[in-house]
Amino acid sequence: MKAHDGMYIDGAWRPAAGGDVIDVVNPADEQVIGQVPAGTALDVDNAVRAARAALAGWAATPPAERAARLAALRDGLVARAEEIAETVTAELGAPLKLSQTVHVGAPIAVAGSYADLAATYAFEERVGNSTVYHEPVGVVAAITPWNYPLHQIVAKVAPALAAGCTVVLKPAEDTPLTAQLFAEAVHEAGVPAGVFNLVTGLGPVAGQALAEHPDVDLVSFTGSTAVGRQIAAIAGAGIKKVALELGGKSANVILPSADLARAVNVGVANVMSNSGQTCSAWTRMLVHRDQYEEAVELARTAAAKYGDRIGPLVNAGQRERVRGYIHKGVAEGARLVAGGPEAPRERGYYVSPTVFADVRPDMTIAQEEIFGPVLSILRYEDEEDALRIANGTVYGLAGAVWAGDEAEAVAFARRMETGQVDINGGRFNPLAPFGGYKQSGVGRELGHHGLAEYLQTKSLQF
Ligand code: NAD
């Protein structure tokens, strides 16, 4: 795969300060497919300086012009769609069709939505005798994970640019090639030098230096709760704004009146897609005790269909982590009905689609984010019991409710402690705010709520 051996800083690819590199590995065959520079604090400092220097000009650029650059960026992503999809497949391991439709399709839609929003957003309003200006927060540090490499980047960079902020991006070390393609598209879209900068590198080195940098105004982070907690502490100490999108353990609640087969099939597909590496995945399926065994059989059949169709996990560490959770589920007494901890192939970081039944709410596999193709099916007695179980984790990112009557599902969803709920299989909406209740995060991404994260207000009184 093509890889730049420099950093995209101040409008050009520049040599990295140090000589260390990161190998990029194809998780399907364990082959090294490229190398990118491992950035240091010096690279981060250069990038933040460039972003600071470009801030005043970009913030003063009329929103219509920022919208035009974002529209050009969207068009650039469309033009490169195939190359990006192949790159996501190579470095993440996602099947090519998934890369094309989801990993590239969704961020193109999101980039387009911010081109529209930049042009139409009310950056100025009257409140009584005041004019309130919604101004850019400043220099943004964007730290992104590998699970949806392009989407996570676009969901931060596009609203930041729409708001008039400048950005330094530190993408995940497993998927830096997609980030380099994104930087090329930004460059070709005519975004001025310094407005967007890319520093590849290790989290505890480049990521930490970026979060700690005194000239960063806002840190937007997506990833693990452990690192999110550190970032929040660093941001707190520096009085920086912070947005965190962390993990989830979302509940798929199937009420007795639901179309059981559809709810189970869509639920299994939701968990297995992207090999379970989705923060909003419905990893806990809640079924009424009278329908429980039927649901387990349906899930077993559905999981078997995924056998050869899911990709590997992103790296050996993630595979071991997921296998560890499967062992733990067995040890704690859950019933394995599909899959298991054994490696299904000789090469590649694969884990079989796995389904556990007889999962109790207090088991580790019902509480912790596994980030692999592992579904836990829990039994509930009545609706109140289902609600207690659904709300009984530290997380609150997403979820689903299925019922014969939409109003019944909505009434249940309103009582769930979570940021998004899909009703009877509702479709992804790139304009709907996405983000967590409880320990799933702070702040929202997407749509105008996502844009507002990158704005601060100034009131003038008359
Ligand atoms: P991670 O939190 O370690 O990495 C996410 C990003 O943070 C990467 O860019 C990484 O380089 C960076 N980072 C790591 N340490 C840092 C530090 N000290 N300071 C600043 N930046 C740092 O996540 P991971 O190791 O890739 O995945 C581990 C687990 O995180 C997964 O198993 C999953 O549970 C969770 N995760 C969640 C999401 C999500 O979308 N919510 C995405 C990926 C991973």
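These figures come from a predicted structure and were not determined experimentally.

Visitor: Which residues make up the site of the ligand, and what values go with them?
Guide: Among the 28 residues in the neighbourhood of the ligand, the closest are listed as Trp146, Glu173, Ser224, Leu246 and Arg321. Between an oxygen atom of the ligand and a side-chain N or O atom of Glu173, the distance comes to 2.5 Å. Here the ligand loses 89% of its free accessible area of 810 Å² to cover by the protein chains. If you list the elements that add at least two residues to the shell around the ligand, you get helix 7 (203-212), strand 10 (218-222), helix 8 (225-237) and helix 11 (316-331). Take the shell around the ligand: its biggest share by element is 4 residues, from helix 7. Looking at which domains feed residues into the shell around the ligand, each of domain 1 (6-246 + 439-461) and domain 2 (251-430) gives three or more.

Visitor: Residue-level account of the domain arrangement of the protein, with values.
Guide: For the protein, the assigned domains are domain 1 (6-246 + 439-461) and domain 2 (251-430). Each of domain 1 and domain 2 has a C-alpha centre, and these two points are 30 Å apart. Across the contact, 28 residues belong to domain 1 and 26 residues belong to domain 2. Taking both sides of the interface into account, the surface hidden between domain 1 and domain 2 amounts to around 2,100 Å²; carbon and sulfur atoms contribute 54%. Contact with domain 2 buries area across many residues of domain 1, yet Glu30, Trp146 and Ser440 alone supply 23% of it, more than any other trio. On inspection of domain 1 and its partner domain 2, the count reaches 0 salt bridges. Taken together, domain 1 and domain 2 are joined by 11 residue pairs in polar contact (both at pLDDT 80 or more). Listing elements by their share of the side of domain 1 that touches domain 2, those giving two or more residues are helix 3 (81-92) and helix 4 (96-120). In terms of residue count, the dominant contributor to the side of domain 1 that touches domain 2 is helix 4 (5 residues).

Visitor: Describe the sheet that holds strand 13 (residues 284-288), listing the residues and the values that go with them.
Guide: Spatially, the 7 strands line up as an open sheet ordered 14-15-16-13-12-17-18, and their pairing is mixed. Whereas interior strands pair on both sides, the edge strands pair on one side only; in this sheet they are strand 14 (335-338) and strand 18 (422-423). With 3 bridges joining them, strand 15 (residues 354-357) and strand 16 (residues 374-380) adopt parallel strand pairing. Considered in strand 16, the bridge of Phe356 is made with Ser376. Relative to strand 12 (residues 251-254), helix 9 (residues 260-272) is tilted by about 170°, and along the sheet it contacts strand 12, strand 13, strand 15, strand 16 and strand 17 (399-402).

Criteria and cut-off values
- Residues numbered from 1 in each chain as written.
- Predicted model: local features only at pLDDT ≥ 70, side-chain atom pairs only at ≥ 80, totals over all residues.
- Heavy atoms only, no water.
- Near = heavy atom within 4 Å.
- Polar contact = N/O pair within 3.5 Å; in protein donor to acceptor, adjacent residues only side chain to side chain.
- Areas by Shrake-Rupley, 256 points an atom, 1.4 Å probe, with all protein chains shown as cover.
- Helix = DSSP H or I, 4+ residues; strand = E, 2+ residues; numbered from the N terminus.
- Domains from an automatic or database assignment.
- Contact = heavy atoms within 4.5 Å.
- Buried area = accessible area lost by both parts, 1.4 Å probe.
- Salt bridge = Lys/Arg side-chain N within 4 Å of Asp/Glu carboxyl O.
- Pairing = 2+ DSSP bridges.
- Axes fitted to C-alpha atoms, helices over the stretch in contact; angles between N-to-C directions.

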